[in-house]
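What follows is the residue order along each chain.
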Amino acid sequence: MRKVVPAILSFLVMGSALIAQQPAPAQQAAQPTGQRHKVAVLDFNYATVMTASQAVFGTNVDIGKGISDMLIDKLVNDGTYRVIERNQIDKILNEQNFSNSNRADANTAAKIGHILGVDAVITGDITQFGRDDQSKNVGGMLGKWGSGYGLGGVGTHSAKAEVAITARMIDVNTAEILASATGKGESKRSGTNLLAGGAGTGGYGGGEAGMGSSNFAQTIIGEATSQAVADLAQNLNADSAKLPTITAPVVTVNGLVADASASDSVIINVGSSAGVKVGDKLAVSRVVRVVKDPATGKPLRSIENSIGQLTITSVDATSAVGAFSGSGKPQTGDTVKTP
């Protein structure tokens, strides 16, 4: 018995040592915590690389819009931010008549973001798009732009694509640049050009497909663009803590339907100055009876019937437009208020 006990103790000690030597289980990736800020992504400026872009596609493709769309998808899937839909942004830009040059200005971007009801606006520039050696052998590289070869031309045995993007997050209340981030991507292949289109009309060099297509994603310029956007999104996510944490005051909206003649939209007589924001959902009701004080004749309260709900789609200082949903039909004079 005396010999068995030491053996058992020795076995237990060895087992404990083996367990201690085993690697600890991998920790799960940290999930986003705290406030999720709402942001809007404007189209990126690509003026400095327009010539290189035209050389790649054989025509003028709006790569600023294409990269903006790719970044929106990436940010939405990552989940660090709440990202406003592009159609809401386009509608505000058209209504406010902002030019492309004005959108890059921090004060204008802040104004756009304030109307949209977001916390920050992301603007940026595409600083590189194409070969990494664009300044070399210019005659050989640029001589085939009109022939469908894309950047690189005939006789190119290898091609290297590089894309670089810079972005800024702008506070909508102060127009302050809260953060600046960059994204870079690179791809290289042998025996191909940037779009792997080759000569003739059947390649991608004519820009027939959009930047969001699988065809573009499979080219080396597409791979470099995807890497740059992913890198930029990761850096922007890391900067989320730089956005101020603000507890928004509770705003109670009270207004009236000013026009309900259009079947797809309703105009109300209150706007951003009354706290209305894009995306707000307001209750629409109709006064059916007013109870008055029998002694003084003063109104005591209104009896209202619910008509439906108005989802705000655009806002200016003194009015707003919304999409109506409900069982009733709104009329001029109906009340709209915070539920």
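Along a regular strand, successive side chains alternate from one face of the sheet to the other. Relative to strand β9 (residues 299-315), strand β8 (residues 281-292) runs antiparallel, the two being bridged by 11 bridges. Bridging across to β9, Ala283 finds its partner in Gln309. The hairpin formed by β8 and β9 contains six residues between the paired strands, and Gly297 there has a positive phi angle of roughly 80°. The sheet contact formed by β8 and strand β11 (residues 335-337) spans three bridges and is antiparallel. The residue of β11 that forms the bridge with Ala283 is Lys337.

Next up on the list: the environment of Gly222. Within the secondary structure layout, Gly222 lies in helix α9 (residues 220-238). A relative accessible area of 0% places Gly222 in the buried class. Measuring from C-alpha to C-alpha, the distance between Gly222 and Met211 comes to 7.6 Å, with 11 residues separating the pair along the chain. Apart from the residues lying within four places of it in its own chain, the contact partners of Gly222 are Phe216 and Ala217.

What the six strands build is a closed barrel, ordered β6-β7-β10-β9-β8-β11; its pairing is antiparallel. Geometrically, the sheet is characterised by an average inter-axis angle of 50° between neighbouring strands, direction not taken into account.

This part takes up the nonpolar core. Counting residues in each nonpolar core, the largest one holds 42 residues, and the members touching the most others are Phe44, Phe57, Ile63, Leu71, Ile122, Phe129 and Ile221. Looking at this core, the elements that each hand over two or more residues are β1 (38-41), α2 (50-57), α3 (63-78), β3 (120-131), β4 (158-171), β5 (177-190) and α9. Element by element, the count of residues in this core is highest for α9, at eight residues.

Take the packing of aromatic side chains next. Counted by the stated rule, this structure contains two aromatic pairs. A centroid spacing of 6.0 Å and a plane angle of 20° characterise the contact between Phe57 and Phe216, whose relative ring orientation is stacked. In this pair, Phe57 is assigned in helix α2 and Phe216 in helix α8 (residues 214-217), connecting sequence segments 159 residues apart. Residue classification places Phe57 among the buried residues on the basis of a relative accessible area of 0%. Judged by its relative accessible area of 1%, Phe216 is buried. Clustering of aromatic rings is evident, with ring pairs tying together Phe57, Phe129 and Phe216.

Okay, helix α6 (residues 106-116) next. Among all positions of α6, only Thr108, Ala109, Ala110, Ile112, Gly113, Ile115 and Leu116 are buried. You can read the cap of α6 off the contacts: a side-chain oxygen lies 3.1 Å from the backbone nitrogen of Asn107, and it is on Asp105. Where α6 terminates, the next one or two residues include Gly117, which has phi positive at roughly 75°.

Bringing the confidence of the model for the chain into the picture now. Mean pLDDT over the chain works out to 78, with 73% of the residues at or above the 70 mark. In the model, residues 1-33 has pLDDT below 50 throughout and makes two contacts with residues more than four positions away in sequence or in other chains. The low-confidence segment residues 197-208, where pLDDT is below 50, has 27 contacts with residues more than four positions distant or belonging to other chains.

Quick notes on the rules
- Residues numbered from 1 in each chain as written.
- Predicted model: local features only at pLDDT ≥ 70, side-chain atom pairs only at ≥ 80, totals over all residues.
- Heavy atoms only, no water.
- Pairing = 2+ DSSP bridges.
- Helix = DSSP H or I, 4+ residues; strand = E, 2+ residues; numbered from the N terminus.
- Buried < 20%, exposed > 50% of the residue type's maximum accessible area, 1.4 Å probe, protein only.
- Contact = heavy atoms within 4.5 Å.
- Axes fitted to C-alpha atoms, helices over the stretch in contact; angles between N-to-C directions.
- Core = buried A, V, L, I, M, F, W, Y, C linked by side-chain atoms within 4.5 Å.
- Phe/Tyr/Trp six-rings, centres within 6.5 Å; stacked < 30°, edge-to-face > 60°.
- Polar contact = N/O pair within 3.5 Å; in protein donor to acceptor, adjacent residues only side chain to side chain.
- pLDDT = per-residue confidence, 0-100.

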